[in-house]
Amino acid sequence: MIQFTEEQLEEMLVDGQFLAEGGNGRVSLVKHGSGFAALKICRQMDVLAFHQECVFLSLLEDSEAAPKLLGTSVGPTPAYLMEYCGRRNLEAILNSNRYDPLKKLKLVLNVGYKLQKIHNAGIIHNDMKSDNIVIADDGELEDPNSVRIIDYGLATYAFQKRGFILPSDQFLWMAPEVKAGRPSTSKSDVYSFGMILRHLWSKISVIFPGLLSISREATRELQLLRPTLNSVLRQLEDIIYKYEASHRIQ
Ligand SMILES: Nc1ncnc2c1ncn2[C@@H]1O[C@H](COP(=O)(O)OP(=O)(O)O)[C@@H](O)[C@H]1O
Ligand SMILES: [Mg+2]
């Protein structure tokens, strides 16, 4: 872990390459040691929130679910340096015709396994949507190592309240209890994962019809009625198993 000054931040940006911009940050690919890293400059100037995002990344250091935190700024601009995870996000892959449906489903299952690791660390992501899921440039879609869940700007500890209220008819990927300012639980991320499954289904419905009912259950309004993440993942494994078995017989 390094700490960098405002001057060092500016130097990194001179040679840096713009990657993407989200609602809260601008991310560039910059040189780091003999390789590259992703530099996120946070828009919000709330120092506590910025530090909290870095704390979550350090807690997930060994999880292989999140990018590793490599450094933080000590100057006035809140910024952090992290492992570069690739240019493709889940949105682009689900929308692309280049990848076959089974590969897409296996990729989403791997996202679920990574989410489980985040929950095992006592953290709820709260902002699970496809542009916060990144796939390695040279990685195979079925390889769990290719996937990282990024952006811990809205994450909380389990049972913690996010502390804001959002309109219920917007931010459709977010669980109703999160938008209402009630405590976040692993079922809150199950809701968002269910929305990802619905998006996947809309692309490949003909082949995996069981997917829609799993996504419906996962996105129930009442979190008590939603299945656990573990149960959702077992059901996805079952769909894959049956699909592969039926294709072996033919
Ligand atoms: N570690 C990373 N590796 C590669 N791309 C990244 C990384 N972190 C962020 N990005 C890119 O930058 C975008 C914005 O970053 P993100 O952390 O999601 O910020 P925001 O809070 O603004 O949504 C992401 O959607 C992704 O495209
Ligand atoms: Mg984001």
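Keep in mind that what you see is a predicted model, and the values were worked out from it rather than measured.

Chemist: For this particular structure, what's the right way to read the site of ligand 1?
Modeler: Ligand 1 sits among 22 residues. The nearest are Ala20, Gly22, Asn24, Val27 and Asp151. Contributions of two or more residues to the shell around ligand 1 are made by β2 (17-21), β3 (25-32), β4 (35-42) and β6 (79-83). In the shell around ligand 1, the residues fall into 10 nonpolar, 8 polar and 4 charged. Each of domain 1 (2-83) and domain 2 (88-249) contributes no fewer than three residues to the shell around ligand 1.

Chemist: Please explain the packing of helix α6 (residues 186-204) against helix α7 (residues 210-218) as it appears in this structure.
Modeler: Pairs of packed helices are described in terms of their axes, by the angle between the two and the distance that separates them. Interhelical geometry of α6 versus α7 gives an angle of 155° and a closest axis separation of 8 Å. Comparing the axis directions of α6 and α7 gives the class roughly antiparallel. Of the two elements, α6 crosses α7, and the hand of that crossing is left-handed. Two secondary-structure elements touch here, α6 through Val190, Tyr191, Phe193, Gly194, Leu197, Arg198, Leu200 and Trp201 and α7 through Leu211, Leu212, Ile214, Ser215 and Ala218. For the contact of α6 with α7, the per-class residue count stands at 10 nonpolar, 2 polar and 1 charged.

Chemist: Looking at this structure, I do not really get the packing of helix α4 (residues 101-120) against α6. What am I missing?
Modeler: The N-to-C vectors of α4 and α6 enclose an angle of 175°; their axes lie 11 Å apart at closest approach. Comparing the axis directions of α4 and α6 gives the class roughly antiparallel. Every residue of α6 that contacts α4 at Pro101, Lys104, Leu105, Val108, Gly112, Leu115 and His119 is listed here: Ser186, Asp189, Phe193, Ile196, Leu197, Leu200 and Ile204. Grouping the constituent residues of the contact of α4 with α6 by class yields 9 nonpolar, 3 polar and 2 charged.

Chemist: Where do I start with the sheet that holds strand β9 (residues 133-135) in this structure?
Modeler: Strands in a sheet are paired, the pairing made by backbone hydrogen bonds, and the direction either parallel or antiparallel. Ordered in space as β7-β9-β10, the 3 strands form an open sheet in which the pairing is antiparallel. Edge positions in the sheet fall to β7 (88-89) and β10 (147-149), since each has one partner strand and no second. Across 2 bridges, the pairing between β7 and β9 is antiparallel. The partner of Arg88 across the bridge, within β9, is Ile135. Sitting on the sheet, α4 is in contact with β9 and β10, with an inclination near 45° to β10.

Chemist: Sorry, what's going on with the sheet that holds β3 here?
Modeler: With respect to topology, 6 strands assemble into an open sheet ordered β1-β5-β6-β4-β3-β2, the strand pairing being mixed. Only two strands of the sheet have a single partner each, and these edge strands are β1 (2-4) and β2. Pairs of neighbouring strands in the sheet enclose a mean axial angle of 25°, with direction left out of account. Examined bridge by bridge, β2 and β3 share 4 bridges and lie antiparallel to one another. In the strand pairing of β3, Ala20 is matched with Val27. Contacts from helix α1 (residues 6-15) reach β1, β3, β4, β5 (69-73) and β6, with the element oriented near 85° to β3. Each of β4, β5 and β6 touches helix α2 (residues 47-59); the most contacted strand, β5, lies at about 160° to it.

Chemist: How should I be thinking about the domain arrangement of the chain in this particular structure?
Modeler: Frequently, the measure chosen for interface size is the accessible area removed from exposure when the parts meet. What the domain assignment reports for the chain is domain 1 (2-83) and domain 2 (88-249). Between domain 1 and domain 2, the C-alpha centre-to-centre distance is 25 Å. Partitioned by chemical class, the residues of the side of domain 1 that touches domain 2 number 7 nonpolar, 3 polar and 1 charged.

About the thresholds
Residues numbered from 1 in each chain as written. Chains lettered and ligands numbered in written order. Predicted model: local features only at pLDDT ≥ 70, side-chain atom pairs only at ≥ 80, totals over all residues. Near = placed C-beta within 6 Å. Helix = DSSP H or I, 4+ residues; strand = E, 2+ residues; numbered from the N terminus. Nonpolar A, V, L, I, M, F, W, Y, C, P; charged D, E, K, R; others polar. Domains from an automatic or database assignment. Axes fitted to C-alpha atoms, helices over the stretch in contact; angles between N-to-C directions. Parallel < 35°, antiparallel > 145°, perpendicular 65-115°, else oblique. Left-handed = near helix turned anticlockwise from the far one by under 90°. Contact = placed C-beta atoms within 7 Å. Pairing = 2+ DSSP bridges.

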